[in-house]
Amino acid sequence: MDFAGAYSWPNLRFLLQGFWMTLQVAGLAIVFSFILGVVLGTIRYARIPVLSTVIAFIVDTIRNLPLLLIIFFIGIVLPQTGLRLPVFWAAVVGLSIFEGAMIAEIVRSGLSSVDKGQVEAARASGLSYMQTLRHIILPLGLRRMSPPMVSQFIALIKDTSLAVIISLPELMRNVQVLSGSSFAYVIPALIFASLLYFTVNYSLSLVAKRLEARQT
Amino acid sequence: MVIWDSSVLFDHWDRYMQGFGQTVLASLLALIGSLIIGTIIAILRISPYRWLNVFGAAYVEFLRNIPLLVVVFFFFLGLPSLGIPLDGFSSGTIGLMVYTSSFIAEAIRAGIQAVPKGQTEAARSSGLSYVQSMWHVVLPQAVKVVLPAVGNQMINLVKNSAILGVVAGLDLMYYADLISSDTFLPIPVYTFVALFYLVLTVPLSMAVHYMERRFARSNA
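Rules used in this analysis
- Residue positions are given per chain, counted from 1 along the sequence in the order it is written.
- The order in which chains are written sets their letters, starting at A; the order in which ligands are written sets their numbers, starting at 1.
- Per-residue local features of the predicted model are confined to residues with pLDDT of at least 70, and side-chain atom pairs are confined, for both listing and counting, to 80 or more; whole-chain, interface and lining totals are unaffected and use all residues.
- Secondary structure is summarised from DSSP: a helix means a run of H or I of at least four residues, a strand means a run of E of at least two, and numbering begins at the N terminus for each.
- Exposure classes come from backbone-placed C-beta atoms, where a residue is buried if 20 or more other C-beta atoms lie within 10 Å of its own, exposed if 12 or fewer do, and partly exposed in between.
- Here, residue contact means that the backbone-derived C-beta atoms of the two residues sit within 7 Å.
- UniProt positions are given in the numbering used here, feature names are shortened, and annotations may be inferred rather than shown by experiment.
- Axis angles are defined between N-to-C directions and span 0 to 180 degrees, where every axis is a line fitted to C-alpha atoms and, for a helix, only to the segment in contact.
- Note on angle classes: values under 35 degrees are labelled roughly parallel, values over 145 roughly antiparallel, values of 65 to 115 roughly perpendicular, and the remainder oblique.
- Helix crossings are classified by the rotation of the near helix relative to the far one: an anticlockwise turn of less than a right angle makes the crossing left-handed, while a clockwise turn makes it right-handed.
- Polarity classes work like this: nonpolar for Ala, Val, Leu, Ile, Met, Phe, Trp, Tyr, Cys and Pro, charged for Asp, Glu, Lys and Arg, and polar for all others, with Gly in that last group.
- Expected span, for any helix, means 1.5 Å times one less than how many residues it has.
- Here the bend at a residue is taken as the angle between two axes, fitted respectively to the seven residues that end there and the seven that start there.

A count of helices and strands for chain B gives 9 helices and 0 strands. Counted from the first residue to the last, chain B has its helices and strands arranged as α-α-α-α-α-α-α-α-α. In terms of its C-alpha atoms, chain B occupies a principal-axis envelope of roughly 75 × 50 × 25 Å. In chain B, which comprises 220 residues, the share counted as buried stands at 42%. Summarising the internal contacts of chain B: among those between residues at least 6 apart in sequence, 75% fall at separations of at least 24.

Structure, rendered in structure tokens:
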């Protein structure tokens, strides 16, 4: 195995460009999935007639599908019927929908875990249901759901690699391309990619652990 | 242009079934393997030997923080580059197995550590050996935490098995691609693929949900 040749500057730059793409897709998807997840999770928690049931059904269906299939559907299937999105946005949209559904469930169970006494006390002090939700339940619940939320973002960063199926030039796609140019590059490229993913995700997992420790 | 035609399901039923069968097979093989590896790693992590702890922790932390695709590519691209050829189905299934084992190990460890230390101490001081106290006292209580977590990993396994489609692993995603290029009807072809996955994951999700509620009640 020729590590020196494999880690030539053009090769490293190519992999780092892929990683930059990975981070951009992940960053946007984290923002969108967080917004989507908080909105859908709160609606589901609030038990609004019909709306909550419909959202529960959609969220549960998405959670039970492979993300790879969702990305493929948005990036490859829909374009064949004329609904065309650039691969970058297909990846962002696919990830945001799937991870948004996962976060919605985290939000719902986080809100449900807020002590009933807190809710009753707020209502008894004259707050309306919306005010209670906004000032009492959401802040308390969000704090409790932050560790699983960070874990979900780690999963999201890992999941960006599934965009290889739509040939988005992110890190794993570039590993694949580099591997195609020489057998000697495969293992070095995989090691380099692992280190990049590991560094970002392990740091985030330490954040999650610290958030968890602060709560007890 | 025709967009929807349900007949793709019946016209290509055999290929759907072949892919579905391989998806189920890959998930089952990976589940069995990851339960075995995961249990061993969990034992290493709680064993009294420091070096085994470190190895177990490193194994879990490394695999949990890299994408499944890296692991699968290691078997699909990496091994052949070293002169060990492996087909898509095998490399996908082995990759799934190794990746999932780290999550199973973590679930088992969390379950065992959720049992209060006083339980082990009481069992030991009543004259039970370490193994006896594990088997009769700790593990039966740990099951309540471990079982739903393992169930969740089974759901993830089925969903993650779609990665076989990336390495031509002859699964549902792979056959869907064949059917789609024959029929030019990707929308219905992949909608049925989605339904096939749901047939597997929805009952599993319901079982996990039931277990979680059942065990929550027994704790109260």
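Helices and strands together make up the secondary structure of chain A, namely 9 helices and 0 strands. Taken across its 216 residues, chain A has 40% of its residues classed as buried. Partitioning the contacts of chain A with sequence separation of at least 6, the portion at a separation of at least 24 is 76%.

Next up on the list: the UniProt feature "domain: ABC transmembrane type-1" (unreviewed entry) in chain B. The feature "domain: ABC transmembrane type-1" (unreviewed entry), as annotated in UniProt, sits at residues 20-208 of chain B in this numbering. Helix makes up 84% of residues 20-208 of chain B and strand 0%, with an end-to-end C-alpha separation of 22 Å.

Turning our eyes to something else, we now look at the UniProt feature "transmembrane region" (unreviewed entry) in chain B. Residue and element names in this part refer to chain B. When the UniProt feature table is mapped to this numbering, "transmembrane region" (unreviewed entry) covers residues 20-44, 65-83 and 187-208. Helix and strand shares over residues 20-44 are 100% and 0% respectively, and the end C-alpha atoms of the span are 36 Å apart. A distance of 28 Å separates the end C-alpha atoms of residues 65-83, which is 74% helix and 0% strand.

Residues and elements named next belong to chain A. Where helix H5 (residues 87-112) meets helix H7 (residues 129-159), the closest approach of the two axes is 8 Å, and the angle between their N-to-C directions is 150 degrees. Relative to H7, the element H5 lies roughly antiparallel. For the pair H5 and H7, the crossing hand works out as right-handed. In this structure, H5 contributes Leu95, Glu99, Met102, Ile103, Ile106, Val107, Gly110 and Leu111 to the contact, and H7 contributes Ile137, Gly141, Leu142, Arg144, Met145, Pro148, Met149, Gln152, Leu156 and Asp159. Grouping the constituent residues of the contact of H5 with H7 by class yields 12 nonpolar, 3 polar and 3 charged.

Moving on: the interface of chain B and chain A. By a widely used convention, the size of an interface equals the accessible area lost when the partners come together. Counting residues at the interface gives 29 residues for chain B, matched by 30 residues for chain A. Going through the elements one at a time, helix H3 (50-64), helix H4 (68-81) and helix H9 (186-219) of chain B are the ones with two or more residues in the side of chain B that touches chain A. Looking at which element gives the most residues to the side of chain B that touches chain A, the answer is H9(B), with 10 residues. Of the residues belonging to the side of chain B that touches chain A, the class tally is 21 nonpolar, 6 polar and 2 charged.

Residues and elements named next belong to chain A. Along its 14 residues, helix H4 (residues 67-80) runs 19 Å from first to last C-alpha, staying within 8% of the 20 Å computed at 1.5 Å per residue. The sharpest bend along H4 reaches about 40 degrees and sits at phenylalanine 73. Within H4 the residues assigned to the buried category are Leu67, Leu68, Leu69, Ile70, Ile71, Phe72, Ile74 and Gly75. One or two residues past the end of H4 sits glycine 82, with phi positive at roughly 105 degrees.

Per the UniProt record, "domain: ABC transmembrane type-1" (unreviewed entry) is annotated on residues 19-208 of chain A. Regarding residues 19-208 of chain A, the helix share stands at 81% and the strand share at 0%, and the terminal C-alpha atoms are separated by 22 Å.

Residues other than glycine seldom take positive phi values, yet A:Val50 does so here, at roughly 65 degrees. Secondary-structure assignment places A:Val50 in the loop between helix H2 (9-45) and helix H3 (51-63). The backbone of B:Ala168 sits at a positive phi, close to 50 degrees, despite the residue not being glycine. One can find B:Ala168 in the loop between helix H7 (130-160) and helix H8 (172-183). C-beta crowding within 10 Å serves as the criterion here: with 16 such atoms nearby, B:Ala168 is assigned to the partly exposed category.

Once that is clear, we can look at the UniProt feature "transmembrane region" (unreviewed entry) in chain A. All names here are of chain A. If you check UniProt for "transmembrane region" (unreviewed entry), the listed places come out as residues 20-43, 50-75, 87-107, 153-171 and 183-204 in our numbering. Taken end to end, residues 153-171 is 42% helix and 0% strand, and its two terminal C-alpha atoms sit 17 Å from one another. Annotation note: span residues 183-204, helix share 86%, strand share 0%, distance between end C-alpha atoms 33 Å.

On to the environment of B:Ser129, then. Note that B:Ser129 resides in the loop between helix H6 (117-125) and H7. Sequence spacing of B:Ser129 and B:Val71 is 58 residues, and the spatial spacing of their C-alpha atoms is 39 Å.

Its location among the elements puts B:Asp14 in helix H2 (residues 13-46). A C-alpha to C-alpha distance of 10.0 Å links B:Asp14 and B:Tyr175, two positions 161 residues apart in sequence.

Let's shift gears to H5(A). In this model H5(A) runs 37 Å from its N-terminal to its C-terminal C-alpha over 26 residues, within 8% of the 38 Å that 1.5 Å per residue would give. Counting buried residues along H5(A), 20 of its 26 residues qualify, which places the element largely inside the surrounding structure.

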